[in-house]
Amino acid sequence: MRYVDYGVAIELDGVRWHSGETRYLDDARDNRSALDGFRTLRYGWLKVAYHPCEVAHEVWSLLVKQGYRRDFHACGTGCALQLGAPVTVSAVERR
Ligand SMILES: [Zn+2]
């Protein structure tokens, strides 16, 4: 997935499909993305399946660093991040 307006690419890796030739193709795609000015975050299935809130927060954080200007909200009352309040864009910019 690419957020073209912010120069951010998200890659999902699965062990089954990422060895040998497919790994080579992934590397080639990553290199093209870098040459196009994209910053890439890569995630495996386990991370996305078991830690989706962390993934969402990391993606949002990179988007903010690239110019996105909306605050991050928890996904619900049971959110694993236990934010208490939305994370503001300025909180990321101060880091
Ligand atoms: Zn959440």
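Summarised in this report is the structure supplied together with it. (Residues numbered from 1 in each chain as written. Predicted model: local features only at pLDDT ≥ 70, side-chain atom pairs only at ≥ 80, totals over all residues.)

Moving on, we come to the overall build of the chain. When helices and strands are tallied, the chain shows four helices and three strands. The order of α-helices and β-strands along the chain, N terminus first, is β-β-α-β-α-α-α. Projected onto its principal axes, the C-alpha coordinates of the chain cover approximately 45 × 30 × 20 Å. A total of 95 residues make up the chain; the buried ones form 6% of that total. (Helix = DSSP H or I, 4+ residues; strand = E, 2+ residues; numbered from the N terminus. Buried ≥ 20, exposed ≤ 12 C-beta atoms within 10 Å, placed from the backbone.)

Moving on to the sheet that holds strand S3 (residues 39–44). Hydrogen bonds between backbone groups are what pair the strands of a sheet, and the pairing can be parallel or antiparallel. Across the sheet, three strands lie side by side as S1-S2-S3; this open sheet has mixed pairing. One side of each edge strand has no neighbouring strand; the edge strands of this open sheet are strand S1 (2–3) and S3. Two elements, S1 and strand S2 (residues 8–13), share two bridges in a ladder whose sense is antiparallel. Of the residues in S2, the one forming a bridge with Arg-2 is Ala-9. Set on the sheet, helix H3 (residues 52–65) makes contact with S1, S2 and S3; between it and S3 the angle comes to about 175°. (Pairing = 2+ DSSP bridges. Contact = placed C-beta atoms within 7 Å. Axes fitted to C-alpha atoms, helices over the stretch in contact; angles between N-to-C directions.)

Our focus in this paragraph is helix H1 (residues 20–35). Over its 16 residues, H1 extends 23 Å from the first C-alpha to the last, a length consistent with the 22 Å expected when each residue adds 1.5 Å. The element H1 is largely exposed, with a buried count of zero among its 16 residues. (Expected span 1.5 Å × (residues − 1).)

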